[in-house]
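# Report on the structure
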Amino acid sequence: MRYGRIDPQDVRMTGYEADPSVNALILGDFGVVEIRYNNESGWEYMYTRHLRVKIFNKDAFGSANFKIYLHSSEKGGKEKLNTLKGTVYTPPKKER
């Protein structure tokens, strides 16, 4: 699963055969942590998460919401969010 590359079958999917009652399906969810040393600020880590959710109906709109928790310490250290990407794909009208 790569960001921006969508299987056309995923776009056309209208339900989940194994459980037709679901309103949404997580097609993929993975993360990678990189740890590296920065001469100016010391050790840093970068977390990259790729989440793909297929929403079958309006009852599942909340399934695409998630929180990003950032840590801050009493010593002044703070995590920061540098980049956030999101994309919505919808099938052409003739396929809906």
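The model shown is predicted, which means the values in this text are computed figures rather than measured ones. (Residues numbered from 1 in each chain as written. Predicted model: local features only at pLDDT ≥ 70, side-chain atom pairs only at ≥ 80, totals over all residues. Heavy atoms only, no water.)

Turning our attention to the overall build of the chain. When helices and strands are tallied, the chain shows 1 helix and 2 strands. In the chain, the order of α-helices and β-strands from amino to carboxyl end is α-β-β. Since a compact globule built from 96 residues should have a radius of gyration of about 12 Å, the 18 Å found for the chain marks it as more spread out than a globular shape. Expressed along its principal axes, the backbone C-alpha trace of the chain runs to roughly 55 × 25 × 25 Å. If you average the places of the 16 positive and of the 12 negative side-chain charges in the chain, the two averages end up 7 Å apart. (Helix = DSSP H or I, 4+ residues; strand = E, 2+ residues; numbered from the N terminus. Rg over C-alpha atoms; globule rule 2.2 N^0.38 Å. Lys, Arg positive; Asp, Glu negative; His and termini not counted. Charge placed at Lys NZ, Arg CZ, Asp CG, Glu CD.)

On the surface, Val33, Ile35, Tyr37, Trp43, Tyr45 and Tyr47 cluster together to form a nonpolar patch covering roughly 790 Å² of accessible area. Within the residue set of the nonpolar patch, elements represented by two or more residues are strand S1 (24-38) and strand S2 (42-55). Topologically, Val33 is positioned in strand S1. (Patch = residues over 30% accessible without salt bridge, like charges linked within 9 Å, V, L, I, M, F, W, Y side chains within 5 Å. Areas by Shrake-Rupley, 256 points an atom, 1.4 Å probe, with all protein chains shown as cover. Salt bridge = Lys/Arg side-chain N within 4 Å of Asp/Glu carboxyl O.)

What follows is about the pattern of salt bridges. Two side chains with opposite charge may pair up if their charged atoms get near one another. Counting across every chain of the model gives 2 salt bridges. As a salt-bridge pair, Asp29 and Arg49 come within 2.9 Å of each other at their nearest N and O atoms. Remark: Arg49 occurs in strand S2 and Asp29 occurs in strand S1; sequence separation between them is 20 residues. A salt bridge links Arg36 to Glu34; its shortest N-O distance comes to 3.9 Å. For Glu34, a relative accessible area of 38% puts it in the partly exposed group. (Buried < 20%, exposed > 50% of the residue type's maximum accessible area, 1.4 Å probe, protein only.)

Inspection of the secondary structure puts His50 in strand S2. Look past the residues within four positions of His50 in its chain and what remains in contact with it is Met1, Arg2, Tyr3, Gly28, Asp29 and Phe30. (Contact = heavy atoms within 4.5 Å.)

Turning next to the pairing of S2. Pairing between S1 and S2: 14 bridges, direction antiparallel. What sits directly across from Tyr37, in S2, is Trp43. Between S1 and S2, which pair antiparallel one after the other, the connecting turn spans 3 residues. (Pairing = 2+ DSSP bridges.)

Within the secondary structure, Lys54 sits in strand S2. Here Lys54 sits buried without a salt bridge, and the closest side chain of opposite charge, Asp10, lies 7.6 Å off (N-O distance). Among the polar contacts made by the side chain of Lys54, one reaches the main-chain carbonyl oxygen of Asp10 at a distance of 3.0 Å. At a separation of 2.8 Å, a polar atom in the side chain of Lys54 contacts the main-chain carbonyl oxygen of Val11. (Polar contact = N/O pair within 3.5 Å; in protein donor to acceptor, adjacent residues only side chain to side chain.)

In short, shape yes, function no, at least from these values alone.
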